[in-house]
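If you want the building blocks of each chain, they are given just below.
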Amino acid sequence: MLALLAGLALPLGAAADPTPRDLQVLARALGFLERPPAGTAEVGVVYPQQSAAAREEATRIAASFGEGIRAGNLVVRPRLVTVEGVASAPVAALLLTEAAVPHAAAIAGAVAGRSVLTIASDRSLIDSGSVVMVVRGEPRVEILVNRTAAQAAGINFAAAFRMMIQER
Amino acid sequence: MTACKGRSGPSVRLAAACAGLFSLALAAGAGAQGLDRNALEELFGEPVTTSATGKPQRASDVPVAMDIITAEQIRRSGANDIPTVLARFTSLDVQQYGPQDFSVTARGYAAPNTQRMLVLVNGRQVYLDAFGRTSWDNLPVQLSEIRQIEVVRGPNSALFGFNAVAGVINILTFDPAHDRVTNLVARGGTRHYGEVSGVVTAPLGGGSGLRVSGGLREQDAWRRGYEAFELGIGAGRDVSHGQFAADASFRISDAVWAGFDASYSRSIGTEFQLPGLLLPWDVKTWSLRGRMTAETGAGLIGASIYHNALDTNLAGTPLLSQGVTIAQLSDTVKLNAAHTLRPFLEYRHNTISTRDQNGSGSFIDTSPLRGLEGGYDVAAAGVMWNWAVTPSLEWTGALRYDHLWLQAKGFDSPFFPFQDRDYDRDYGALSWNAGLVWRATDIETVRLSASRGVGVPGFFDMGARVVVPSFGLAIIGSPLLKPSTADNYEIGYSRQVAAIDGRVGVTGFYQTNRNVSASLGAFPTGGLPSAIIPYNLDSSQAYGVELSAAGRLGGNFDWGAEYRLAAVEEGDRSSLANFGHASPRNLVSARLGWGQGPLRADLFARYATSLEGYRVTDRGILPVRVGDHASVAARLGYKLAEGVTVAIEGSNLLHERQRQGIGAEAERSVYLSLRFDF
């Protein structure tokens, strides 16, 4: 089972498939980056190359984006990215599958300073600073950001957005 | 304490404040995209507000009792004025005295000329502090340009300053930089109601935009409930009003937004006032504002300066003119993961002049006002502190100090009790808010709050000099009036309920109100001529409970209901405002909506228990009691084509005429509207 973004319909940290609302939240959150992507942006769904099961789940998550998620003037599309390939992936954000979670620190290190937003569902990764953001769409939208991880990633958010989310 | 330095002093201080304010805003560094409410609301799936603490918050996070009425709800309300919208979606005390004459407040004390509810349009005060009331038909805003109406029940002076005593109503229009709203509404109805209103939004390029709106309305007055003398001075005349407004928002850079707005409005109609009479008014207002928001390394800096002007004519007699200039500066900064601060400054220069009045009216003699000038300056500073104690517990505290310098000249006269020197006063007032919000679970929220609101008497209460010869009565303002305070304590609980696909909430409150102004409801002094001289009332207590529920049924239905119990216990010294019984003790507001395809039906009901007040009659000032009553309103809308909606709307449908308040008798009204959205 993929961890995927936010805690989904369960408390943050529980693993489950993303709901359409979770993906909407993810896409809309990109609009509050200091330099938000415009037009079409890609989100890398990250999985370890050696795991066929992980690729299967990454593929399933990518499929849940459909033709792309529209958030205002932005259309967000998925791209499958291996853990080993994150450093060169032309994406605005990286969404970690559950299988990629053990590699979170390495992924963060690979994209440090490149303004790539790393997202996962495991709340412990926020507490440890291994990813920048955790989002959840239901039953109540929750967005957690690790400030240190954001700084290391070269990520800044709009001030109003920061005042409405939880930071660590 | 510092005495007033005269007219030049405040002007210099004001200019300095403005210069500092804008230079600070212009010093913005790199940043982001301003407050795009639309994007934030779509992200969080709920309304976003700044009216609770000054910082942007989700509606479910605010530490105050708040209602937010959306544009969709306004459209479905079938209402053609804002107080009616409020009556259909909240448990506010909405008293209606005529077709366009309302008094709106919260948690009791709903006398005419209520001085307790601060009303704003996009943060700009439209409450008329010259008279201590809001002239609702003068608000320069069309219903079809409103994004949402934010209602804070309970004091919020710590954020908004004087007169946010019972609460705050902040009417937010669409932002021309982010929202492309263009529409035209034509409405006709019984009592010769006619309305044309519209909004045009045009992009200006580079993320900037301009919105222009206007509206013209006229209708017959309600026909019954007047005294003969009121009809004799024109109180039953037809009602007409027009408004024009323009709002431009400019994206200066990624980090800086500037805006300018202007408005003009005029209303001719009848307004009910203390001590209990319907009077014909002609009220003109205009406003001009510049504002700026900048995202800087030091936080989100907001600055604005605006001028409101008021010109009034009562019963055919020019009364007074007012100009108030307000400069505001704030910095909302998230210091770290847990703490957000919002220090702010405000300066207010308020002048009232009666230079142009001629005292020639047949009903009132305003010649004693001739040449009087007065006003006050207010300097205020405060800070809001929000602390995310844990992920599920938030503390918000706000503290604000206002200092007022009162001034007047031309009052020296042996025939009146108060002279120029009596107006040479100043005083300070501290207001505060404290709130804890505990998100007990994902679906439950508990809220504890305490607050102090401060109200300043309307200038007319302090400086009036009017004679009503036919009554042998003089109205004499008193500069000795003290500011009023409201200490409010409340606890609230709300939760999502899956069974109703909605939400329920309950709030209990207890209030102590001190030094409430009797205003023109002061008991007249004995002798001839008798005089109404406003005084401060003894402390009074208000307590009660507010219940709310809203949900959906089967996909096509939605519903909502609010109940409010408010009991007010007055002290020994009371007034003709009769605050102890001015509001219904029990209020229920309920609605049911249904929609399928192009058809949309909405039904609204409101029930109120009895209330009591006073009416000025040919036989003296007599008590009036209004019994328990219910009213029903409805709207049936049909989308003829994309962007074209026709609707039939009705209000007060149960009775042809009905006494709902102590003014004129409410009449059944039916309207046909056609709306084009472009």
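In this text the structure is predicted, and so the values were computed from the model without any measurement.

J.: Outline the overall build of chain A, supporting the account with residue identities and numerical values.
T.: On a plain count of helices and strands, chain A comes out with 6 helices and 8 strands. For chain A, the α and β elements follow one another from N to C terminus as α-β-α-β-β-β-α-β-α-β-β-α-α-β. Within the span of chain A, comprising 168 residues, buried residues form 56% of the whole. When the accessible surface of chain A is summed, it comes to about 6200 Å², and 52% of that surface belongs to carbon and sulfur atoms.

J.: Please give an account of the overall build of chain B that cites residues and values.
T.: If you tally the helices and strands in chain B, you get 7 helices and 38 strands. C-alpha extents for chain B along the principal axes are approximately 65 × 55 × 45 Å. Within the span of chain B, comprising 678 residues, buried residues form 62% of the whole. Sequence separation of 24 or more characterises 65% of the internal contacts of chain B that already satisfy a separation of 6 or more. Carbon and sulfur atoms make up 60% of the accessible area of chain B, which amounts to about 23600 Å² in all.

J.: Run through the interface of chain B and chain A, naming residues and quoting values.
T.: Between chain B and chain A, the contact holds 32 residues from the first and 28 residues from the second. Counting each side, the surface lost to burial between chain B and chain A is near 2500 Å², with a carbon and sulfur contribution of 56%. Taken together, the connections running from chain B to chain A amount to 4 salt bridges. For the salt bridge of A:Arg28 with B:Glu42, the shortest nitrogen-to-oxygen distance reads 2.8 Å. Summed over the shared surface of chain B and chain A, the result is 12 residue pairs in polar contact (both at pLDDT 80 or more). Of all elements in the fold, only helix H2 (37-44), strand E2 (57-58) and strand E17 (317-334) of chain B reach the threshold of two or more residues within the side of chain B that touches chain A. For the side of chain B that touches chain A, the leading source of residues is H2(B), giving 5 residues. Per-class residue counts for the side of chain B that touches chain A are 14 nonpolar, 9 polar and 9 charged.

J.: Give a description of a nonpolar patch on the surface that names residues and reports values.
T.: Residue and element names in this part refer to chain B. A contiguous nonpolar patch, built from Leu599, Leu636, Tyr638, Leu640, Ile648, Leu653, Val670 and Leu672 and spanning about 650 Å² of accessible area, is present on the exposed surface. Elements with a minimum of two residues in the nonpolar patch: strand E34 (629-641) and strand E38 (669-677). The element contributing the most residues to the nonpolar patch is E34, with 3 residues. With respect to the helices, strands and loops of the structure, Leu636 is situated in strand E34. For Leu636, a relative accessible area of 39% corresponds to the partly exposed category.

J.: Could you give an account of unusual backbone geometry, naming the residues involved and the relevant values?
T.: Omega for the bond connecting A:Glu138 with A:Pro139 falls within 30 degrees of zero, at 0°, which places this linkage in the cis form. Secondary-structure assignment places A:Pro139 in the loop between strand E6 (133-136) and strand E7 (142-145). Cis peptide bonds are those with omega within 30 degrees of zero, and the linkage from B:Leu274 to B:Pro275 qualifies with 10°. Positionally, B:Pro275 belongs in the loop between strand E14 (256-273) and strand E15 (277-296). A positive phi angle, near 55°, is found at B:His192, a position not held by glycine. For B:His192, the position within the fold is in the loop between strand E10 (183-189) and strand E11 (193-205). Overall, B:His192 belongs to the exposed group, its relative accessible area being 63%.

J.: Any details on H2(B)? Residues and values, ideally.
T.: All names here are of chain B. When H2 is considered as a whole, its buried residues turn out to be Arg37, Leu40, Glu41, Leu43 and Phe44. Considered in projection along H2, the buried side chains sweep an arc of 160° and stay on one side of the axis. Positive backbone phi, approximately 70°, marks Gly45, located one or two places after H2.

J.: Summarise the environment of B:Ala338; cite the residues concerned and give the values.
T.: All names here are of chain B. On the secondary structure map, Ala338 appears in the loop between E17 and strand E18 (339-353). Sequence spacing of Ala338 and Val506 is 168 residues, and the spatial spacing of their C-alpha atoms is 28 Å. Sequence-distant contacts of Ala338, defined by excluding residues within four places in its chain, comprise Asn386, Trp387 and Ala388.

J.: Pulling in residues and values, what's your account of the nonpolar core?
T.: Of all hydrophobic cores here, the largest spans 61 residues; its most connected members are B:Phe131, B:Leu319, B:Phe363, B:Tyr376, B:Leu404 and B:Phe460. Ranked by size, the runner-up nonpolar core spans 45 residues in total, among them A:Val45, A:Ala58, A:Ala149 and A:Ala153.

J.: For the pairing of strand E4 (residues 93-98) of chain B, give the residues involved together with the corresponding values.
T.: Residue and element names in this part refer to chain B. With respect to burial, E4 is a largely interior element, 6 of its 6 residues being buried. Two strands pair when backbone bridges link them, and E4 and strand E5 (residues 101-105) are joined in this way by 5 bridges, in the antiparallel orientation. Residue pairing for E5: Gln96 is matched across the bridge by Phe102. Between E4 and E5, which pair antiparallel and follow one another directly, the connecting turn spans 2 residues.

J.: Tell me what's going on with the pattern of salt bridges, and back it up with residues and numbers.
T.: All names here are of chain A. The final tally for this structure, using the stated rule, is 54 salt bridges over all chains. The partner of Glu142 in a salt bridge is Arg140, and the shortest N-O contact between them spans 3.0 Å. A single burial state applies to Glu142 and to Arg140, both of which are buried.

J.: Break down the sheet that holds strand E9 (residues 167-173) of chain B for me, citing the residues and quoting the values.
T.: All names here are of chain B. A sheet is described by the order of its strands in space; here 5 strands give the open sequence E3-E8-E9-E6-E7, paired in mixed fashion. A strand with exactly one partner marks an edge of an open sheet, and here the two such strands are strand E3 (65-70) and strand E7 (124-125). Relative to strand E8 (residues 146-153), E3 is paired through 6 bridges, and the arrangement is antiparallel. Opposite Ile69, over in E8, you have Ile149 as the bridge partner. Each of E8 and E9 is contacted by H2, which is oriented at about 70° to E8, the strand it contacts most. Contacts between helix H4 (residues 82-89) and the sheet are confined to E3, E8 and E9, with E8 contributing the most and set at about 60° to the helix.

J.: Explain the side chain of B:Ser540 to me, using residue names and the numbers behind them.
T.: You can see B:Ser540 is positioned in strand E28 (residues 540-553). Here B:Ser540 is in contact with B:Tyr109, B:Gln511, B:Thr512, B:Asn513, B:Glu569, B:Glu570 and B:Gly571, once residues within four sequence places are set aside.

J.: Would you mind going over the UniProt feature "domain: TonB-dependent receptor plug" (unreviewed entry) in chain B in detail, with residue names and values included?
T.: Within this structure's numbering, the places UniProt gives as "domain: TonB-dependent receptor plug" (unreviewed entry) are residues 59-168 of chain B. Helix makes up 17% of residues 59-168 of chain B and strand 31%, with an end-to-end C-alpha separation of 15 Å.

J.: Any details on the pairing of strand E24 (residues 473-476) of chain B? Residues and values, ideally.
T.: It is a general feature of regular strands that their side chains alternate between the two faces of the sheet. Residue and element names in this part refer to chain B. Burial along E24 is two-sided: the face carrying Leu473 and Ile475 and the face carrying Ala474 and Ile476 are both buried. For E24 and strand E27 (residues 530-532), the ladder comprises 3 bridges, and the chain directions are parallel. Across the sheet, Leu473 pairs through a bridge with Ser530, a residue of E27.

Conventions we followed
- Residues numbered from 1 in each chain as written.
- Chains lettered and ligands numbered in written order.
- Predicted model: local features only at pLDDT ≥ 70, side-chain atom pairs only at ≥ 80, totals over all residues.
- Heavy atoms only, no water.
- Helix = DSSP H or I, 4+ residues; strand = E, 2+ residues; numbered from the N terminus.
- Buried < 20%, exposed > 50% of the residue type's maximum accessible area, 1.4 Å probe, protein only.
- Areas by Shrake-Rupley, 256 points an atom, 1.4 Å probe, with all protein chains shown as cover.
- Contact = heavy atoms within 4.5 Å.
- Buried area = accessible area lost by both parts, 1.4 Å probe.
- Salt bridge = Lys/Arg side-chain N within 4 Å of Asp/Glu carboxyl O.
- Polar contact = N/O pair within 3.5 Å; in protein donor to acceptor, adjacent residues only side chain to side chain.
- Nonpolar A, V, L, I, M, F, W, Y, C, P; charged D, E, K, R; others polar.
- Patch = residues over 30% accessible without salt bridge, like charges linked within 9 Å, V, L, I, M, F, W, Y side chains within 5 Å.
- Arc of directions from axis to C-beta.
- Core = buried A, V, L, I, M, F, W, Y, C linked by side-chain atoms within 4.5 Å.
- Pairing = 2+ DSSP bridges.
- Axes fitted to C-alpha atoms, helices over the stretch in contact; angles between N-to-C directions.
- UniProt positions renumbered as here; feature names shortened; annotations may be inferred.

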